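What follows is the residue order along each chain.
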Amino acid sequence: MDIKCNLIIDSCCDLPYEVVDRDGVYLLKFPYIDDEGEHLDDLYRSRSAHDFYESMRNGSEPRTAQIPMPALREAFEWAHEQGKPAVYLSFSSGLSGTFDTACVFLDQVKQEIPDLDVRMVDTKLASIAEAFLVYEALRQREKGLTADEMVAWAEEARYFVDRQFMVDDLEALRRGGRIPSSVAYAGSKLDVKPLLGIDADGKLALTGVARGRKKGIRALHEYYMKRRSSDAPGQNVVIGNADCPKDAERLMGLLSKEDDSIMFLETSIGPVIGSHVGPGMIAIVFWGQDCRADISMADRIANKVRGKKQ
């Protein structure tokens, strides 16, 4: 195995720890604070997903924060000690300021360590969508991609990671300022389950609603059947859940009936994203169409004016 670059990843990728626990991969841990104090998101090694979400059901309102600079410094110093170029695949800058902070801080550290070779990639993804990209990046790394090739691959691949999430309770989104209080109240009365995605800029976007969980799960199934890539037979599909494993099993059952060649990776929604969506979220991620094609004409014109790549 000819490994030509190392990876720095962060805990918002929400992958099982055993998937990322390998040589040449450094895990940055996001902090979160709840009634019991400050914790580090270690991919549920020190605290189970059930315990975290059960505390939310019992009234806990956890808060999240950016990765602190000392943790970033430790990651950059590790990268230098390894003697290989490293690529940092970061949580979406559209949902956190960590990527921008890390870019600025990296420049400062390079003044002290001039030969430090760390490349930064804003995945524009979160949670299991980020998990999907990181998982595939790990495979590409083992196939011998250089750091330059990894950056180019990730910056293009991120637009083909298709994703949709169903949130059970609108209250957590209301607390985070994602939706108005009036919408949350009406949704709870009508048993509306919002369907969410992440747009091409890496920001949370409302894509639809479903009346009840069963219809919501069917909507996720239909979304996959409509948008899956025809160029990826037998592809990997990541299914994530926020302490609702039976719903994840139900969704996988529906998908398997349509395509028995699907290879599933099941994982738990981590505490950082979980703090904002609450228990009961279920999500599906897969190789799909280029999400840049979904940008409205007005946004395309605006991006062209700003010189952004379409």
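Our structure's up above, just so we're on the same page.
What counts and what doesn't
Residues numbered from 1 in each chain as written. Predicted model: local features only at pLDDT ≥ 70, side-chain atom pairs only at ≥ 80, totals over all residues. Heavy atoms only, no water. Helix = DSSP H or I, 4+ residues; strand = E, 2+ residues; numbered from the N terminus. Phe/Tyr/Trp six-rings, centres within 6.5 Å; stacked < 30°, edge-to-face > 60°. Lys NZ or Arg CZ within 6 Å of the ring centre and 35° of its normal. Pairing = 2+ DSSP bridges.

1. A few points about unusual backbone geometry
Okay, so step 1: Phi is positive for L43, close to 60 degrees, though the residue is something other than glycine.
Okay, so step 2: With respect to the helices and strands, the residue L43 is situated in the loop between β4 (37–40) and α2 (49–57).
Okay, so step 3: Despite not being glycine, S127 has its phi angle at roughly 55 degrees, a positive value.
Okay, so step 4: In this structure, S127 sits in helix α5 (residues 127–142).

2. Focus on the packing of aromatic side chains
Okay, so step 1: A full pass over the atoms with the stated rule returns eight aromatic pairs.
Okay, so step 2: Relative to W78, the ring of Y26 lies with its centre 5.3 Å away and its plane at 45 degrees, an arrangement referred to as tilted. You can see Y26 sitting in strand β2 (residues 25–28) and its partner W78 sitting in helix α3 (residues 69–82), a full 52 residues away along the chain.
Okay, so step 3: Centroid distance F52 to Y53: 4.9 Å. Interplanar angle 75 degrees. Geometry classified as edge-to-face.
Okay, so step 4: A cation over an aromatic ring shows up here: R45 above the ring of Y17, its NZ or CZ 4.0 Å from the ring centre.

3. Considerations on the sheet that holds strand β3 (residues 31–34)
Okay, so step 1: Strand order across the open sheet formed by three strands is β4-β3-β5, with antiparallel pairing between neighbours. Across the chains shown, the open sheet's two edge strands, defined by having one partner strand only, are β4 and β5 (63–64).
Okay, so step 2: Of the pairings in the sheet, the one linking β3 to β4 comprises four bridges and is antiparallel in character. From the neighbouring strand, Y32 faces β4, where its bridge partner is H39.

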